[in-house]
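Survey of secondary and tertiary structure
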Amino acid sequence: MAYVLGIDGGATKTEAILISSDGRVIGVGRGGPSNYHAAGIEATRQGIAEAVAEAHAAAGVAAGPCAAAFLGLAGLVSPRDRAIIYALARELHLAPDDAIGIDHDCRIALAGGLSGRPGIVQIAGTGSSTFGVNAAGEAWRAGGWGQLLADEGSGYWFGLRAMQSAVGAYDGRLGDTILLDRIQDALQLKDMNDIMQRLYFDGMGKREIAALAPLVLDAARAGDRIARELVDEGMGHLAACVDAVARRLKMTGAPVEIALVGGLFQAEDVVVESFRATVADYLGAFEVRTPELSPAAGAALLALDMAGAEASPAALRALRQRSTGEE
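The shown structure was predicted, so the numbers you read here are calculated from the model rather than taken from an experiment.

Right, let's get into the overall build of the protein. Scanning the protein for helices and strands turns up 13 helices and 10 strands. The C-alpha radius of gyration computed for the protein amounts to 21 Å, which stays within 12% of the reference 20 Å derived for 327 residues, consistent with globular compactness. For the protein, the proportion of its 327 residues judged to be buried stands at 50%. Considering only residue pairs separated by 6 or more positions, the protein has 67% of its internal contacts joining residues 24 or more positions apart. Distance between charge centres in the protein, computed from 28 positive and 40 negative side chains, equals 3 Å.

Here's what the structure looks like:
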């Protein structure tokens, strides 16, 4: 039986999924991190190898090259990045050399989010990025340049803006906001002036700053004006990225499907509502979707396409049930 391999890799874990030529899941495996910028190339090799070996074991098939493999890994943005991971995939004998696909995690998030259909994926977790593929297969990304260049609307951005709003309220540049007390409590600051020690000298990592984002969302729910403005500002940045991708790919003349991926979009009453309103200022017709499949399943669909096959409707339904937990 022919089967293909999809791999979703990030800074903390790697997931591998084996599916048959008609799209049925036959094995899933997990391994360590595979963002080589964060973990290093050796840890990335190990994380991928672990996940693939576990997927083969779960499927009850001998380890060896698949008909095709697609790897979607966080941090792959340049040709150099792709070449490094392609060489690694060849070393691991994941698939024939001409049947190995490599791209960033946005591509597999889109493939999974819309079950392989053209459209746009908007990612908003710790970081943010917007990526689209049109019916002709042309692709484009906007945003996603990291927190120093262009990561607006991300958890990190919201966390940083929450701290900026707190100090602005403290020194009188902004009006009153409950973010002042909530930031001080969250960071366990006896005095607001201690925030400089906490941020600059003790050190706060990207994830620690992003962990403050829910404070903004909760404050917005509570009717805090400054928090509400931050939500709208953040979603405005994301909507501008959606517009940039849609215009580049000439997707503005027909309804566009937009898959929303990432933890921030779990706050549907605050974040998704604002996102819809701001996107409507740019696009005449669009449909916002919750992800239909996992990114790993999306990678497997891309591998299936490379092998010249496609998932049957029944297999897609089964994949969706598996990804969402629905029956």
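Reading across from one edge, β3-β2-β1-β4-β5 is the order of the 5 strands in this open sheet, with mixed pairing throughout. At either margin of the open sheet sits one strand with a lone partner, and together these are β3 (25–31) and β5 (100–104). Each strand axis lies, on average, 15° off the axis of its neighbour in the sheet, ignoring direction. Relative to strand β4 (residues 69–73), strand β1 (residues 3–9) is paired through 5 bridges, and the arrangement is parallel.

The subject of this paragraph is the packing of aromatic side chains. Taken as a whole, this structure holds 2 aromatic pairs when the rule is applied. Residues W157 and F158 carry aromatic rings whose centres are separated by 5.0 Å and whose planes lie at 85° to one another, so their mutual orientation is edge-to-face. The exposure classification of W157 matches that of F158, with both residues buried. Ring plane angle 70° and centroid distance 5.7 Å describe the contact between F265 and F275, whose orientation is recorded as edge-to-face. One end of the pair, F265, is in the loop between β9 (256–261) and α11 (268–279); the other, F275, is in helix α11, and 10 residues separate them in sequence. The pair F265 / F275 is uniform in exposure class, with both members buried. For R141, the ring lying beneath its charged end belongs to W145, and the centroid distance is 4.6 Å. Its end group placed over the ring of W140, R248 keeps NZ or CZ at 3.7 Å from the ring centre.

Quick look at helix α10 (residues 225–248) now. Between its first and last C-alpha, α10 extends 35 Å over 24 residues, near the 34 Å set by a 1.5 Å rise per residue. K250 lies just past α10 and shows a positive phi near 55°.

Its identity as a non-glycine residue notwithstanding, S115 has a phi of 55°, on the positive side. Mapped onto the elements of the fold, S115 is located in the loop between α4 (105–113) and β6 (119–124). Positive phi values are uncommon outside glycine, yet Q188 reaches one of about 55°. A relative accessible area of 71% places Q188 in the exposed class.

Position of T14 relative to the elements: it lies in strand β2 (residues 14–20). Within the local environment of T14, its side chain forms a polar contact with the backbone oxygen of G32, the two atoms lying 2.6 Å apart. Every residue in contact with T14, bar those within four places of it in the chain, is listed here: I7, D8, G9, G29, R30, G31, G32, P33, S34, G47, I48 and A51.

A word on the nonpolar core. Residues F158, I183, I258, F265 and F275 are the most contacted members of the largest nonpolar core, which totals 53 residues. Ranked by the residues each element gives to this core, the list is headed by α10, at 10 residues. Filtering out sequence-adjacent residues up to four positions away, I258 remains in contact with I120, Q122, V242, F275, V279, L283, F286, E287, V288 and R289. C66, A69, L76 and L94 belong to the second-largest nonpolar core, a separate cluster that totals 23 residues.

Approximately 480 Å³ is the volume attributed to the second largest pocket. Lining the second largest pocket are 23 residues, with A111, G116, L301, L302 and D305 positioned closest to its centre. Elements with a minimum of two residues in the lining of the second largest pocket: α4, β7 (128–133) and α12 (295–306). Per-class residue counts for the lining of the second largest pocket are 14 nonpolar, 5 polar and 4 charged.

Basis of the calculations
Residues numbered from 1 in each chain as written. Predicted model: local features only at pLDDT ≥ 70, side-chain atom pairs only at ≥ 80, totals over all residues. Heavy atoms only, no water. Helix = DSSP H or I, 4+ residues; strand = E, 2+ residues; numbered from the N terminus. Rg over C-alpha atoms; globule rule 2.2 N^0.38 Å. Buried < 20%, exposed > 50% of the residue type's maximum accessible area, 1.4 Å probe, protein only. Contact = heavy atoms within 4.5 Å. Lys, Arg positive; Asp, Glu negative; His and termini not counted. Charge placed at Lys NZ, Arg CZ, Asp CG, Glu CD. Pairing = 2+ DSSP bridges. Axes fitted to C-alpha atoms, helices over the stretch in contact; angles between N-to-C directions. Phe/Tyr/Trp six-rings, centres within 6.5 Å; stacked < 30°, edge-to-face > 60°. Lys NZ or Arg CZ within 6 Å of the ring centre and 35° of its normal. Expected span 1.5 Å × (residues − 1). Polar contact = N/O pair within 3.5 Å; in protein donor to acceptor, adjacent residues only side chain to side chain. Core = buried A, V, L, I, M, F, W, Y, C linked by side-chain atoms within 4.5 Å. 1 Å grid on protein atoms, 1.4 Å probe; cavity = no way out; pocket = protein on both sides within 12 Å on 5 of 7 lines; lining within 4 Å. Points joined across faces, edges and corners; volume = space filled by probe spheres on them. Nonpolar A, V, L, I, M, F, W, Y, C, P; charged D, E, K, R; others polar.

Interpretation in functional terms is not warranted from these geometric data alone.
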